[in-house]
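Observations on the model geometry
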Amino acid sequence: MRTVLVTGAAGGIGTRLRMLLDGVYQRIIWSDIRKPDDLAGHHDFAQADLADLAQVEKLVDGVDGVVHLGGESIEQSWERILRANIIGCYNLFEAARRKKVQRVVFASSNHAVGFYPRQRRIGTDEPVRPDSRYGVSKAFGEALGALYAYKHGLRVTCIRIGNFADAPADLRRLAIWIGPEDLVQLVRIGLDHPDLHYEIFFGASHNERSWWDNEAAYRYGYRPSGCGEDFAAEALAAQKMLAPDQIGDWYQGGPFCSDEYDSDGGPFAV
Ligand code: 15L
């Protein structure tokens, strides 16, 4: 990889990656719909609206690999999800095909499978169970990635990011936490691993309470350095301060599942 484009450069993950990926690739272009206030002087920035295919085509021209973090990062109205995460994601993959980009690393989310109960351990082969319009957009991105990988030869890695933070904040996040260095490791596998064609990884550190079988990531050499259980005392103390949530506490997606929930009874899914 000589030239890498990172979309969503102004977001929480993008901001951290600007520090952690510095100097790793020959050239990194950071992009977002607005310029980050804290952009370093030596960082190459290109402003673009992902919902505009012409702008995205221009953005990916001459790029070898893309890390696609751009779009809405939580639940939003359908109009906002449609624009940024559905149309924006389509434009990114289609522009990548037209401009012969080799690889895309897509920031998917645990919310593509949020309606699995916490008592169930899942791998990446289980059908998606999105817990929100946002989760549906992530499942869409994974499907789009498969189309462009198998039909057009793009190398695609989808990382179902759990909770990206310096430490897990509560019980749920003890299971799904990913430390920044571990996410960088997964992104670099996606950009560099010679054997990779299309894969879905869980974006999680080494968490004893994990609900996920992340065998695919380990097969490609992922060796997480973060260990969720190191923060168990603080996370469990924080959990005690939270109000119980009958639906959210049952499912992996937590509050994304209970938000707008109006099914009679439940939780149902096992
Ligand atoms: C996500 O996908 C979101 O981007 C992030 O803001 C968190 O809500 C995270 O999931 C989570 O599940 O904690």
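Located above this text is the structure these notes cover.
This structure is a prediction, so every number in the text was calculated from the model and none was measured. (Residues numbered from 1 in each chain as written. Predicted model: local features only at pLDDT ≥ 70, side-chain atom pairs only at ≥ 80, totals over all residues. Heavy atoms only, no water.)

Describing the nonpolar core
Side chains of a nonpolar character, in soluble globular proteins, are inclined to be buried together. Core analysis: the biggest nonpolar cluster contains 30 residues, and W30, L186 and F201 have the highest contact counts within it. Within the residue set of this core, elements represented by two or more residues are β1 (3–7), β2 (27–32), β5 (103–109), β6 (155–161), α6 (180–192) and α7 (215–219). In terms of residue count, α6 provides more of this core than any other element does, 6 residues in total. By size, the runner-up hydrophobic cluster in this structure holds 26 residues, among which are I29, A96, A146 and V156. (Core = buried A, V, L, I, M, F, W, Y, C linked by side-chain atoms within 4.5 Å. Buried < 20%, exposed > 50% of the residue type's maximum accessible area, 1.4 Å probe, protein only. Helix = DSSP H or I, 4+ residues; strand = E, 2+ residues; numbered from the N terminus.)

So, the layout of surface pockets
Considering only enclosed or pocket space, the largest pocket measures out at about 910 Å³ in volume. When contributions to the lining of the largest pocket are tallied by element, the ones reaching two or more residues are α1 (12–20), β2, α3 (78–98), β5, α4 (133–152), β7 (163–164), α5 (171–176) and α9 (255–258). Class assignment for the residues of the lining of the largest pocket results in 16 nonpolar, 15 polar and 9 charged. (1 Å grid on protein atoms, 1.4 Å probe; cavity = no way out; pocket = protein on both sides within 12 Å on 5 of 7 lines; lining within 4 Å. Points joined across faces, edges and corners; volume = space filled by probe spheres on them. Nonpolar A, V, L, I, M, F, W, Y, C, P; charged D, E, K, R; others polar.)

Focus: the sheet that holds β6
The parallel open sheet is built from 7 strands, whose spatial order is β3-β2-β1-β4-β5-β6-β9. Edge positions in the sheet fall to β3 (44–47) and β9 (198–203), since each has one partner strand and no second. On average, adjacent strands in this sheet sit at an angle of 20° to one another, irrespective of strand direction. As defined by bridge partners, β1 adjoins β2 across 4 bridges and the pair is classed as parallel. Following the sheet pairing, V4 is matched in β2 by I28. (Pairing = 2+ DSSP bridges. Axes fitted to C-alpha atoms, helices over the stretch in contact; angles between N-to-C directions.)

Observations concerning helix α2 (residues 53–60)
Every buried residue of α2 is listed here: V56, E57, L59 and V60. Here the buried residues of α2 occupy an arc of 160° about the axis, which is enough to place them on one side. Looking at α2, the residues exposed on the side facing more than 90 degrees away from the buried face are A54 and K58. Of the surrounding elements, those touching the buried residues of α2 are β1, β2, β3, β4 (65–68) and α3. With a side-chain oxygen lying 3.0 Å from the backbone nitrogen of A54, the N-terminal cap of α2 falls on D52. G62 lies just past α2 and shows a positive phi near 85°. (Arc of directions from axis to C-beta. Contact = heavy atoms within 4.5 Å. Polar contact = N/O pair within 3.5 Å; in protein donor to acceptor, adjacent residues only side chain to side chain.)

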